[in-house]
Every structure is written in C-alpha cells, then in structure tokens.
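Residue-level listing of the chains:
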Amino acid sequence: MPGAIYAEGLVKTFGDVRALDGVDLDVPEGTVLGLLGPNGAGKTTTVRCLTTLLRPDSGRAVVAGIDVLDHPDQVRRSIGLSGQFAAVDEYLTGRENLQMVGQLYQMSAKAAKARAGELLDQFNLADAADRPAKTYSGGMRRRLDLAAALVVSPPVMFMDEPTTGLDPRNRQQLWEVIKQLVSGGTTLLLTTQYLEEADHLAHDIAVVDHGRVIARGTSDQLKARTGGERVEVVVHEREHMAAAAEVLAGFGKGDTTVEEHTRKLTVPVTGGAKLLAEVIRELDVRGIEIDDIGLRRPTLDDVFLSLTGHAAEVKDADEDDEGGTSADTRGRKRKKESVK
Ligand SMILES: Nc1ncnc2c1ncn2[C@@H]1O[C@H](COP(=O)(O)OP(=O)(O)O)[C@@H](O)[C@H]1O
Ligand SMILES: [Mg+2]
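As the structure is a computational prediction, the values presented were derived from the model and not from experiment.

Visitor: Quick rundown of the sheet that holds strand β8 (residues 187-192)? Include the residues and the values.
Guide: Here we have six strands laid out as an open sheet, ordered β6-β7-β8-β3-β9-β10, and mixed in their pairing. For this open sheet the edge positions go to β6 (79-82) and β10 (212-217), each flanked by a neighbour on one side alone. Neighbour-to-neighbour, the strand axes of this sheet turn through a mean angle of 15°, independent of strand direction. With respect to the sheet, helix α1 (residues 43-50) is in contact with β3 (32-36), β6, β7 (156-160), β8 and β9 (204-209), its orientation differing from that of β8 by roughly 150°.

Shown next as structure tokens:
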C-alpha cells in the first residue's frame, strides 16, 4: 500500500533542463522524509509536482490517498505547503494574517485568534504581532509564512527549505515546532540543503542530485555509507604531506584525500578519540608538525562526494531564499569536533 506521499517516475523538463529525471518516493504515514540535495537538484520541482502547482511530463503521484494528476483540487484541500499558498498580506499585521488564514479554513473567530497567538509566540513574533507585515525583516516574513502554513495541521505537509535564511536560534525553534507537528501524526516532506537538519527531523532521507533520488536511508545509514567519521589533518610543511599520508593510510578505513593547496589530508576511520590520539602520537614520533587536527562526522559534502563522486556544487541561493546565501555559506563550513 502506498504511503501518505507516493511518487513514481516523475519527469519534468524545462526546455533543455531535465529538472526531474524519474523521481520515486514513498513516505509512510506519520513520518518525515527529508529530501536532501544541493541547489538545482530538483527539490522544489518535486514539491511543486506533488502539491499540484506543476504538472509533471510523466509519472504518477498519490498524496493523502488521492491521485495528484486526476484530482488536484482534492489534494490541495488535504495538504499544507509553506512558502507558496500562504501569501503574506503586506498591509495586514502578523496577527491579522494568521487569523485570516484560520478563518479561510473555517475556524471560528475565537479559535483563529487563539491559534494566531500561539503561533506568534512559537515563532518569536509576539513583539511584532501588531505591526504590518511590510515592516518585517526577511527572516520575520519567512517565520510568518511558516506560521501561516501551520495554522491548521493538515494530514500531509510540505516544507521547501523551511529554515534556509533563518538564524540558528530561529532554526532550532522551528525544529521544535516541526517535531510537535509530526508527533501529532502529520506526514511531512521537507527539503533541505543541510544534513544536520535532515538528521534532526527526518525518519528517512532521500538524497537527490540532477533530478534523481541517488540514495535513500536513515541519516545513520547514509553516514555509514559515506564512511562514518574521519580524521582531518592540516600539516605545517608542504614537504611533510607524503609522510603524513603514509601515517593516515595506516590508520584509515579507506582512501586518504589530499588537498595540496590547503595542506589538508582526510581519511575515514573508526575508533573515535582514542584513534585520534594514536594518530597524533604517530605524527609526533615521525616529526611531522601539524597546524590542525580533528575528528569530524560526515557533512553533506562528504555524502555527496561519496555517492556521486563529485562535490555538491555551491551556487548562489534561490532568489526566493531570503538571506539564503549567508546561511548556505554557514551550513557548508565544515564542522570539526576537536579533541577534548
Ligand atoms: N520554471 C523553471 N524554468 C526553467 N528551469 C527551471 C524552472 N524551475 C526549475 N528549473 C531548473 O530545474 C532544475 C531543478 O530546479 P529546482 O527544482 O528549483 O532545484 P532545487 O529546489 O533542488 O534547488 C534547475 O536546473 C533549475 O534551474
Ligand atoms: Mg529549491
């Protein structure tokens, strides 16, 4: 039996661009699927096809038990989508915007008011609640837009990069809201460029690249496929790189990657901090001076590199991602767990 969201062989072309090249998805009811991929991978196009905003050239999709191509109107009534349906009215206040959405969904005025109040608190907009939305910053608008998508909790929700452009605090808050929503039984498809976000929220992750799902699994499964944790070393002298590579090869569980210009060597390992200490000792014994060393978990870049053989391309954020560029830069900075 297909899940709450089901897609088979979705293809969508825009002129020469094959945005979707046969996307298959199946999201069991009450779970969260994270659609993970770099800019241009086909995430938004997938969401637009599943939410009836775009008609695929071929393929089939069923959402909340309803065929998307045959009964788009019925599908629209069963889903929530952040970012597109809930157009924020610039001239209304934040509170009025949310109350209006509630009333569009036939809530009583009293219930709509109460729900608006709750959401304004949750999204940290209480102070600005009674100002017109046109005075809001980009981040505040984004939060208001998300809040509007959550006024009623539909059985199936779609969120397209919900936290791109949010600062870390607002991102955390949104994660909490999403967790609550899902614990209430909502099925969610969420797109993201951040492995960390998929990690926090998704039961299952589908990695997309060039319009296809290239891997599927839990976050742990994907990381394991990517080779788990790795040791990263920056050596002080370029002449020591070969010797350092030899040391790492002795400890590694896979190929050592060498980046000449940054004097950085990376190797997948198992064994955690204890192994890291051994690597440090061995480098020291051989007189190899290091500028930096650390143990780190795979990033989205590593997952991509391992799955596709090419690094995720870093492009400018979509035009609709307010403040997206800086968030992308942050999100793609490699995190290191330093030795304690
Ligand atoms: N309306 C459109 N017209 C032309 N090309 C498009 C359109 N929408 C998306 N594309 C192209 O399709 C590909 C997938 O885009 P998109 O689904 O927006 O990716 P993502 O959301 O993963 O960043 C990209 O190459 C993009 O440029
Ligand atoms: Mg997109």
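Still more to cover.
Visitor: Kindly report on the confidence of the model for the chain, identifying the contributing residues and their values.
Guide: Per-residue confidence for the chain gives a mean pLDDT of 85; residues scoring 70 or more make up 88%. Of all secondary-structure elements in the chain, the lowest mean pLDDT belongs to helix α12 (residues 324-332), at 34, while strand β1 (residues 5-14) reaches the highest, 98. Counting contacts from residues 314-340, a segment whose pLDDT is below 50, to residues more than four positions away or on other chains yields 56 contacts.

Visitor: Help me get a handle on the sheet that holds strand β14 (residues 290-296), residues and values and all.
Guide: Within a beta sheet, neighbouring strands are joined by backbone hydrogen bonds and run either parallel or antiparallel to one another. Across the sheet, four strands lie side by side as β12-β13-β11-β14; this open sheet has antiparallel pairing. Unpaired on one side and paired on the other, β12 (257-259) and β14 mark the two borders of the sheet. Strand-to-strand twist of the sheet, defined as the mean angle between neighbouring strand axes without regard to direction, takes the value 15°. Of the strand pairs in this sheet, strand β11 (residues 230-235) and strand β13 (residues 264-268) are connected by five bridges, and their pairing is antiparallel. Looking across to β13, one finds that E232 is bridged to T266. Its contacts with the sheet place helix α9 (residues 241-251) against β11, β12 and β13, and it is angled at close to 10° to β13. Contacts from helix α10 (residues 272-285) reach β11 and β14, with the element oriented near 160° to β14.

Visitor: How would you explain the pattern of salt bridges if you had to name every residue and give the values?
Guide: One pass over the structure, following the stated rule, counts 17 salt bridges. A salt bridge links D21 to R18; its shortest N-O distance comes to 2.5 Å. Classification of D21 by relative accessible area gives partly exposed; the value is 22%. Given a relative accessible area of 47%, R18 falls into the partly exposed group. Two residues, R286 and E282, come together in a salt bridge whose shortest N-O distance is 3.2 Å. Taking relative accessible area as the criterion, R286 reaches 42% and is therefore assigned partly exposed. Since its relative accessible area comes to 27%, E282 is described here as partly exposed. Through salt bridges that share partners, R18, D21 and R212 make up one connected network.

Visitor: Pulling in residues and values, what's your account of the packing of α9 against α10?
Guide: As a packed pair, α9 and α10 sit with axes 10 Å apart at the nearest point and diverge in direction by 150°. One element, α9, and the other, α10, form an angle in the roughly antiparallel class. α9 and α10 meet at a crossing whose hand is right-handed. Of α10, the residues touching α9 (which contributes A244, V247, L248 and F251) are L275, E278, V279, E282 and L283. Here the residues of the contact of α9 with α10 sort into seven nonpolar, no polar and two charged.

Visitor: Describe the pairing of β1, listing the residues and the values that go with them.
Guide: Looking at chain direction, β1 and strand β4 (residues 58-63) are connected through five bridges and run antiparallel. Paired with I5 across the bridge in β4 is V63. Pairing of β1 with strand β2 (residues 17-27) involves eight bridges; the strand directions are antiparallel. Paired with I5 across the two strands is V27, which belongs to β2. In this antiparallel pair of consecutive strands, β1 and β2, the connection spans two residues, and G15 shows a positive phi of 60°.

Visitor: Give me the lowdown on the site of ligand 1, citing residues and values where you can.
Guide: Within the structure, ligand 1 sits among F14, V17, A19, P38, N39, G40, A41, G42, K43, T44 and T45. Here A41 contributes a backbone N or O atom positioned 3.1 Å from an oxygen atom of ligand 1. Here T44 contributes a side-chain N or O atom positioned 2.8 Å from an oxygen atom of ligand 1. Among the elements that make up the shell around ligand 1, the one with the highest residue count is α1 (three residues). Considering only residue class, the shell around ligand 1 consists of five nonpolar, five polar and one charged.

Visitor: Can you tell me about the packing of helix α3 (residues 94-104) against helix α5 (residues 138-149), naming the residues and giving the values?
Guide: For the pair α3 and α5, the least separation of the axes is 9 Å and the interaxial angle reads 25°. In this view, α3 runs roughly parallel relative to α5, as classed from their interaxial angle. Considering the relative orientation of α3 and α5, their crossing is right-handed. Here G94, N97, L98 and V101 of α3 come into contact with α5, specifically with L144, A147 and A148. Considered class by class, the residues forming the contact of α3 with α5 number five nonpolar, two polar and no charged.

About the cut-offs
- Residues numbered from 1 in each chain as written.
- Chains lettered and ligands numbered in written order.
- Predicted model: local features only at pLDDT ≥ 70, side-chain atom pairs only at ≥ 80, totals over all residues.
- Heavy atoms only, no water.
- Pairing = 2+ DSSP bridges.
- Helix = DSSP H or I, 4+ residues; strand = E, 2+ residues; numbered from the N terminus.
- Axes fitted to C-alpha atoms, helices over the stretch in contact; angles between N-to-C directions.
- Contact = heavy atoms within 4.5 Å.
- pLDDT = per-residue confidence, 0-100.
- Salt bridge = Lys/Arg side-chain N within 4 Å of Asp/Glu carboxyl O.
- Buried < 20%, exposed > 50% of the residue type's maximum accessible area, 1.4 Å probe, protein only.
- Parallel < 35°, antiparallel > 145°, perpendicular 65-115°, else oblique.
- Left-handed = near helix turned anticlockwise from the far one by under 90°.
- Nonpolar A, V, L, I, M, F, W, Y, C, P; charged D, E, K, R; others polar.
- Near = heavy atom within 4 Å.
- Polar contact = N/O pair within 3.5 Å; in protein donor to acceptor, adjacent residues only side chain to side chain.

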